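Each chain, letter by letter, is given below.
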Amino acid sequence: MAKGLIWATAEDLARNRGRVLSLYRQILRSLNSSNLPLTLAARLSKKAEAKAIFMLGAEERSIHNIEDLIDVAEYTLSLLRKGEIPKYRQ
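So, a few notes on the structure that sits alongside this text. (Residues numbered from 1 in each chain as written. Predicted model: local features only at pLDDT ≥ 70, side-chain atom pairs only at ≥ 80, totals over all residues. Heavy atoms only, no water.)

### Digging into the overall build of the chain
Per the secondary structure count, the chain includes 3 helices and 0 strands. Order of helices (α) and strands (β) in the chain, N terminus to C terminus: α-α-α. On the principal axes, the C-alpha backbone points of the chain span a range of 45 × 30 × 20 Å. Across the 90 residues in the chain, those meeting the buried criterion constitute 26%. (Helix = DSSP H or I, 4+ residues; strand = E, 2+ residues; numbered from the N terminus. Buried < 20%, exposed > 50% of the residue type's maximum accessible area, 1.4 Å probe, protein only.)

### Points about the environment of glutamate 74
For glutamate 74, the position within the fold is in helix α3 (residues 63–81). C-alpha of glutamate 74 to C-alpha of isoleucine 27: the two residues are 47 residues apart in sequence and 8.9 Å apart in space. Apart from residues no more than four positions distant in its own chain, glutamate 74 is found in contact with Arg19 and Leu23. (Contact = heavy atoms within 4.5 Å.)

### A word on a positive patch on the surface
Positive charge collects at one region of the surface, where Arg17, Arg25, Arg29 and Arg81 lie side by side. Among the elements that line the positive patch, the one with the most residues is helix α1 (residues 10–31), at 3 residues. Within the secondary structure, arginine 17 sits in helix α1. Overall, the relative accessible area of 58% leaves arginine 17 in the exposed class. (Patch = residues over 30% accessible without salt bridge, like charges linked within 9 Å, V, L, I, M, F, W, Y side chains within 5 Å. Areas by Shrake-Rupley, 256 points an atom, 1.4 Å probe, with all protein chains shown as cover. Salt bridge = Lys/Arg side-chain N within 4 Å of Asp/Glu carboxyl O. Lys, Arg positive; Asp, Glu negative; His and termini not counted. Charge placed at Lys NZ, Arg CZ, Asp CG, Glu CD.)

The values reported here are purely geometric and, on their own, carry no functional implication.
Next up, the structure:
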């Protein structure tokens, strides 16, 4: 991924754009799954939460933070595909 050492270059950001959009769409689709025990209101709330997280992540410029955010999105997607809802941990 990294052309820049610490901060992402425009090339780095362009290279990850397709991957991030794909993860975003897959997460939204997974939230519509009938395997998840969510009401309509809960589904809409989770979708809004995912959108907010991706919008905040779009402003990130640190290469390591971007890689971490992508890893978290992939992990979340794996949980959703199993029919589990990711839990918030502090």
